[in-house]
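Structure at a glance
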Amino acid sequence: MTTIFEKIEKDKAHTHVFIIGVGKYPHLLNGEGTKLDNPMGLRQLTSPPISAKAFADWILKNLYNPDAPLGSIELLLSPAGEYVQPQDGEQFPVEGATMENIKTAFDRWYNRCNFHKNNVAIFYFCGHGLEKIVGYPLLLAEDFGKNQLRLWENAIDFNSTYLGMARCQAKTQCYFIDACRQTPSELQEIQEIRATALVHPSTSQKWGEVLKLFATHTSQKAYGLNDQITRFTDALINCLNGLGSEKQKKQWLVTTGKLGLNVTKILEKSNKEPNTPQQKPEFNGTGIGIIHVCSKPPSVPVDIALNPIEASNFAKLSLFQTGTCVSEPQLDLSSQKWKDIVLPNVYSCRTYFPLSKYCNPEDTEMWVQPPYTEEEIEVIKLV
Amino acid sequence: MPLIFVHGVNVRKGVSYDDDVNNRNALFQRFLLKEIVSNPQKVKILNPYWGDYGVKFAWDKKSLPQSAIEELGSEDELPLILLNQIQLEQELNSETVLLQVAKKSIADVIDLLWAVSAEGADESQAEDLADLAVRAVDYAKHNPHPDWLNNIENDDQLLRDLQEEIDNWQPQNTTSNAEDSPQWEVLGSDGNWNPISRGASRIKSTVVSWAGRPITNNIRGVLKGEVANFIGDVFVYLSKRGTQDEPGEIVKKIIATLLEAKDLINTEDDKLIVVAHSMGGNIIYDTLTHFLPDIEVDVLVTVGSQVALFEEMKLFQVSDETITAQSKVNRVSKPANVHRWINVFDFNDFLGFATESVFQGVKDFEYRTGNLLLAAHNTYFNLPTFHERLAERIRDTES
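Residues numbered from 1 in each chain as written. Chains lettered and ligands numbered in written order. Predicted model: local features only at pLDDT ≥ 70, side-chain atom pairs only at ≥ 80, totals over all residues. Heavy atoms only, no water.

1. Structural notes on the sheet that holds strand E8 (residues 137-140) of chain A
Residue and element names in this part refer to chain A. Here is the rule we go by: Two strands are counted as paired when DSSP detects at least two bridges linking them. The numbering of helices and of strands both runs from the N terminus, where a helix is a DSSP run of H or I of at least 4 residues and a strand a run of E of at least 2. All axes here are fitted lines through C-alpha atoms, helices being fitted over the stretch that makes contact, and every angle between N-to-C directions spans 0 to 180 degrees.
Strand order in the open sheet made by the 3 strands is E7-E8-E9, with antiparallel pairing throughout. For this open sheet the edge positions go to strand E7 (129-131) and strand E9 (155-157), each flanked by a neighbour on one side alone. Pairwise comparison of adjacent strand axes, ignoring direction, gives a mean angle of 30 degrees for this sheet. Here E8 runs beside E9; their pairing, made up of 3 bridges, is antiparallel. Its bridge partner lying in E9, Leu140 is registered against Ala155.

Shown next as structure tokens:
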């Protein structure tokens, strides 16, 4: 069973989600099955099933879209196992992400998505990815390499699948691909790769609001820490939680037009953290297709740096709104930045120096917007 | 703390010079320097290049029989020479050549793969290769003839299982810091073994292109070319080394590097290490004893060098004709400004000589590889097992 949630009201639009998380690859390095002679440096993974579960948890607990409430979730995990519903603890056996299971679950998901033109279709994949030709990612199912004679039959041809989805009625479509897009040297030597399109493209090309969001650029890597959620999925969930939202008609909305940009910004910011590999997402998002309506305004991280940086040790900072102090940022000793988490708004930042070694005669106006705000305040050293 | 590497004969800047430097530096940091300092990554490694002042052949070595040198410089040269060194008994098969080597010795296949893969590797890849080499060498040391080789049918399978074995191997004399540092996994090919895969492809192509031709014919040409370069560089150095007041270009280059290294020494890192290969050993000995005798060197390592032979011929500026095997003092003292001197030689290296019979206070170590032409191709410093054994020798002399 792969359908972990299904609640569809007749003639109404819904959000249908298909989630794949592959960490077990029996035919790749350290796999338990008959291994490929040349597994192209592809190993077993731990973070994709964890990330896929985290994404499913978020969808079940938080997704709110009055125009297209959650209708169904298809989940495939490798290794196969149990999924425990975060709300009521109900357990679901979840099938492995073999190509056969992917095709079967995809067909169910496609048909549901295709049922109403105002549906929202969400496709999420986390696992091994390769890319021989720019813009043509290959997503590897659990049983990739099962047959050395037909190596690519258990890899998803994402581009063809995406083009095929133009046949689907669902007006809003989102594709989240958390996988590498590298070309191992072995791939360069192969003349033609025929992977599996889950739906074949046709002449019909009717697109609505679409977001394609890749964890990384072409020829680059995507990362996750062992036994933890991947960098991309973590950023994606943070953005769905509100850091990827924008205010429209008094509501904070996560849309196809904004989500990709903010996920990219968050990952680029975390690239600066120590011992963190570089990863830059790529996205192609159009329109204002609503994915999620936030229940409250997002809490936005704020980083304030003083220039010169030495002044930080002598300062005290406060954020004001209409003359009232609403928050006091705290100094992070390792980065020497003042940090806070506040609601989106305009603030006046006041910098005091109790020992009068520096001064800042004027308050600094700060526009705090998701996904984060960084500000540098120049202060004057007093002789 | 600086380390100076003085290269030997026949080193000229070309396509592979930077690759060799990157690879050698990375291996020094992973092996030798780990035995001497607590933070090898902080050590500045200086590579004075004197090849431009070495011998130049007015007729481009036309005096050598042409058939003997026509293979020099060919792209296939390195894999062929290394394969020849391993002296396989069977005819080479492009699908199983690495397996043949591995069945003889896992250490040999690691040296072969790493030496070939080092060419074309940039600085970052050289670092990755050196990291892998630490585990690979330790694995080979503890598993010289692993059973899993019996189930392997071709080189692809060999590389696959070798990667698995080495990736999963925890070097036994190191403590794992896995808990301290984050372990990133890559959702695709992590690429760490890409240079090794490319090296393996290069070996395969070489074997395919060389099918049916005897490898050994090639070796004579390399030998002759090497001897010509060696003699040439020696003559150029001896005739142009200059005087203390007016040192020659090669000596000036080495002096400048020694002074640069001296400036880098501070109270926290107070050691200066010099590693010299082949003719580089003679040049550094001459420099430390005559041209710049005031500089203190903590560890001098001469590898495949001829310092003792030159002293036997009394070719150094400080050579004392009265000190011979028959004199009352029958050995030359180690230079006073060199605290520890280790000399590494290989019986099969026709340019490497022992020193203990001629010098007092030097420790000779034999690097027994069974390989024929290590010095000839300067591959000593591209071989992980050489660096591992050099580090062992340093450890032995300290204990």
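2. Looking at the domain arrangement of chain A
All names here are of chain A. Applied cut-off: Each domain's limits were defined by an automated method or a database of domain assignments. By the convention used here, residues are in contact when the closest approach between their heavy atoms is within 4.5 Å. Buried area is calculated as the accessible area (1.4 Å probe) missing from two parts once they are joined, with the contributions of both summed. Between Lys or Arg on one side and Asp or Glu on the other, a salt bridge is scored when a side-chain nitrogen of the former is within 4 Å of a carboxyl oxygen of the latter.
Partitioning chain A into structural domains gives domain 1 (3-293) and domain 2 (300-381). On a C-alpha basis, the centres of domain 1 and domain 2 stand 39 Å from each other. Contacts between the two partners involve 9 residues from domain 1, matched on the other side by 9 residues from domain 2. Regarding the contact of domain 1 and domain 2, the summed buried area is about 710 Å², with carbon and sulfur atoms giving 69% of it. When the buried area of domain 1 at its contact with domain 2 is split by residue, Leu243, Trp252 and Lys269 rank highest and sum to 65% of it. One can count 1 salt bridge joining domain 1 with domain 2. Ionic pairing is found between Asp303 and Lys269, a salt bridge with its closest N-O pair at 3.3 Å.

3. Notes on the packing of helix H1 (residues 47-62) of chain A against helix H5 (residues 231-243) of chain A
Residue and element names in this part refer to chain A. Under the convention used in this document: Angle categories: roughly parallel below 35 degrees, roughly antiparallel above 145, roughly perpendicular from 65 to 115, and oblique for all the rest. Following the grouping adopted for this structure description, the nonpolar residues are Ala, Val, Leu, Ile, Met, Phe, Trp, Tyr, Cys and Pro, the charged ones are Asp, Glu, Lys and Arg, and the polar ones are all others, Gly among them.
It is the contact of H1 with H5, at a shortest axis distance of 10 Å, that shows an interaxial angle of 10 degrees. Comparing the axis directions of H1 and H5 gives the class roughly parallel. Judged by residue contacts, Ser51, Ala54, Phe55, Trp58 and Asn62 of H1 engage Thr233, Leu236, Ile237, Leu240 and Asn241 from H5. A per-class count over the contact of H1 with H5 returns 6 nonpolar, 4 polar and no charged.

4. Topic: the pattern of salt bridges
Residues and elements named next belong to chain A. Put simply, the rule reads: Here's how the labels work: a residue is buried when its accessible area is under 20% of the maximum for its type, exposed when over 50%, partly exposed in between, all with a 1.4 Å probe on protein chains only.
Summed over all chains, the structure comprises 31 salt bridges over all chains. Two residues, Lys280 and Glu268, come together in a salt bridge whose shortest N-O distance is 3.7 Å. Of this pair, Lys280 sits in the loop between helix H6 (259-270) and strand E15 (282-285) while Glu268 is found in helix H6, placing the two residues 12 residues apart along the sequence. By relative accessible area, which is 43% here, Lys280 ends up partly exposed. Exposure remark for Glu268: the relative accessible area of 32% places this residue in the partly exposed category. Linked through salt bridges whose partners overlap, the residues forming this network are Glu6, Glu74, Arg108 and Arg112.

5. Digging into the packing of aromatic side chains
Residues and elements named next belong to chain A. Counted only if it meets this: Stacked, tilted and edge-to-face are the three classes applied to pairs of Phe, Tyr and Trp rings, where Trp contributes its six-membered ring and a pair requires centres within 6.5 Å; stacked means planes under 30 degrees apart, edge-to-face means over 60, and tilted covers the rest. Note on criteria: charge over ring means Lys NZ or Arg CZ within 6 Å of the ring centre, with the direction from the centre no more than 35 degrees off the ring normal.
The full count for this structure, using the stated rule, is 31 aromatic pairs over all chains. Look at Phe158 and Tyr162: their rings are 6.1 Å apart centre to centre, the planes differ by 25 degrees, and that puts the pair in the stacked class. Of the two residues, Phe158 and Tyr162 both sit in helix H3 (residues 158-164), 4 residues apart, roughly one turn of that helix. Tyr162 matches Phe158 in its accessibility class, with the two residues each being buried. The ring of Phe214 has Arg181 lying over it, and the distance from NZ or CZ to the ring centre is 4.2 Å. One cation-aromatic arrangement involves Lys269 over Tyr372; the distance from NZ or CZ to the ring centre is 5.1 Å.

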